[in-house]
Amino acid sequence: KLWRVYKKYVDYFISPSEFLIKKCVEFGWPRKKFIHIPHPAFVPPVTHVGEDGDYVLYSGRLSEEKGLRVLLDAAKATPDIPYRIVGSGPLEAELRARIQHEKISNVLLTGFKTGKALEHEISQARMVVVPSIWYENYPLSILEAKAAGKLVIGSSIGGIPEMLDKRFLFPAGNAKKLAEKIMHWYTVSAKELRAFGIHNRTEVERINSPETHVNNILALYKKLV
């Protein structure tokens, strides 16, 4: 009954990713009911772009679907690269125990951070990694990192490939490939890192500006009215 109400009374569903639209269509919803409007993001006026920082950063919920076990495997395979994991969640105790038991000395769990503290973690990172093993829609963690001018590596699952060039994607759940990606991009020159950071920042300004987002929403409202 609930779904019949949605089908009868909702003219459009707004989706931040094309991936979500395709999934809904696969399950029988008409494509014409959906419109793609990506999430908005503010680009910081002052940022540490590209070359700053020496660590690989994960920020988000510490839960199974986020691929933290895969990230630890990759960290073990790249012992000379420091990692910082920012967040909290049901997997936190397991991660801490494993880090201690396996003596993974290049990984630091910082606990939950938000606001300025989280912005600082992102600004000081060399790169950001999103190793999810389950579907993501349009991750804000990628959007925030790109807005801060950071290179981002992500798993090729869900809506993530819409946000990142294929050069920065790895097969979801594959720790070996993730380690290879991290090692490759960690060792490129500061000039290259900065170039990718500027590209990401510019892309967010173009696609995800709050002004563009509001205009897209208003255009849809006007169409319906």
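The rules behind each value
- Counting starts from 1 at the beginning of each chain's written sequence and moves along it residue by residue.
- Owing to the predicted nature of the model, reporting of local features is limited to residues with pLDDT of at least 70; listing and counting of side-chain atom pairs is limited to 80 or more, with chain, interface and lining totals taken over all residues.
- The side-chain values count all of the structure's non-hydrogen atoms but skip hydrogen atoms and water molecules.
- Convention adopted: a line fitted to C-alpha atoms gives each axis, helices being fitted over their contacting stretch, and angles between N-to-C directions are expressed from 0 to 180 degrees.
- Going along the chain from the N terminus, every DSSP run of H or I of four or more residues is numbered as a helix, and every run of E of two or more is numbered as a strand.
- Should an angle fall under 35 degrees it is taken as roughly parallel, and over 145 as roughly antiparallel, whereas 65 to 115 is taken as roughly perpendicular and any remaining angle as oblique.
- A clockwise turn of the near helix away from the far one marks a right-handed crossing, whereas an anticlockwise turn of less than a right angle marks a left-handed crossing.
- We call two residues contacting when some pair of their heavy atoms lies within 4.5 Å.
- Throughout, the ten residues Ala, Val, Leu, Ile, Met, Phe, Trp, Tyr, Cys and Pro are labelled nonpolar, Asp, Glu, Lys and Arg are labelled charged, and all others, Gly among them, are labelled polar.
- Relative accessibility thresholds used throughout: buried, under 20% of the residue-type maximum; exposed, over 50%; partly exposed, between the two (1.4 Å probe, protein chains only).
- Only buried residues count toward a nonpolar core, which is a set of Ala, Val, Leu, Ile, Met, Phe, Trp, Tyr and Cys residues joined through side-chain atoms within 4.5 Å.

A.B. asks: Just to check I follow, could you spell out the packing of helix H3 (residues 68–77) against helix H7 (residues 175–186) for this structure?
C.D. replies: When two helices pack together, their arrangement is captured by the angle between the axes and the distance separating the axes. For the pair H3 and H7, the least separation of the axes is 8 Å and the interaxial angle reads 55°. Taken together, the axes of H3 and H7 lie oblique to each other. Every pair of crossing elements has a handedness; the one defined by H3 and H7 is right-handed. On H7, the residues touching Val 70, Leu 71, Asp 73, Ala 74 and Ala 77 of H3 are Ala 175, Leu 178 and Ala 179. Grouping the constituent residues of the contact of H3 with H7 by class yields 7 nonpolar, no polar and 1 charged.

A.B. asks: Explanation requested: the side chain of Ser 59 in the structure shown.
C.D. replies: Looking at the element boundaries, Ser 59 is found in strand E3 (residues 55–59). Taking the relative accessible area as the measure of exposure, Ser 59 reaches 14% and is therefore buried. If sequence neighbours within four positions are ignored, Ser 59 has contacts with Val 86, Leu 118 and Ser 141.

A.B. asks: Any chance you could explain the nonpolar core here in plain terms?
C.D. replies: Nonpolar side chains tend to gather and get buried jointly when the protein is soluble and globular. Membership of the largest hydrophobic core comes to 33 residues, with the highest contact counts inside it found for Ile 85, Val 107, Ile 153 and Leu 178. Excluding its chain neighbours within four sequence positions, the residues that come into contact with Leu 178 are Val 70, Leu 71, Ala 74, Val 129, Pro 131, Ile 153 and Phe 170. Judged by nonpolar contacts, the second largest core, of 22 residues, contains Ala 41, Leu 118, Val 130 and Ala 145.

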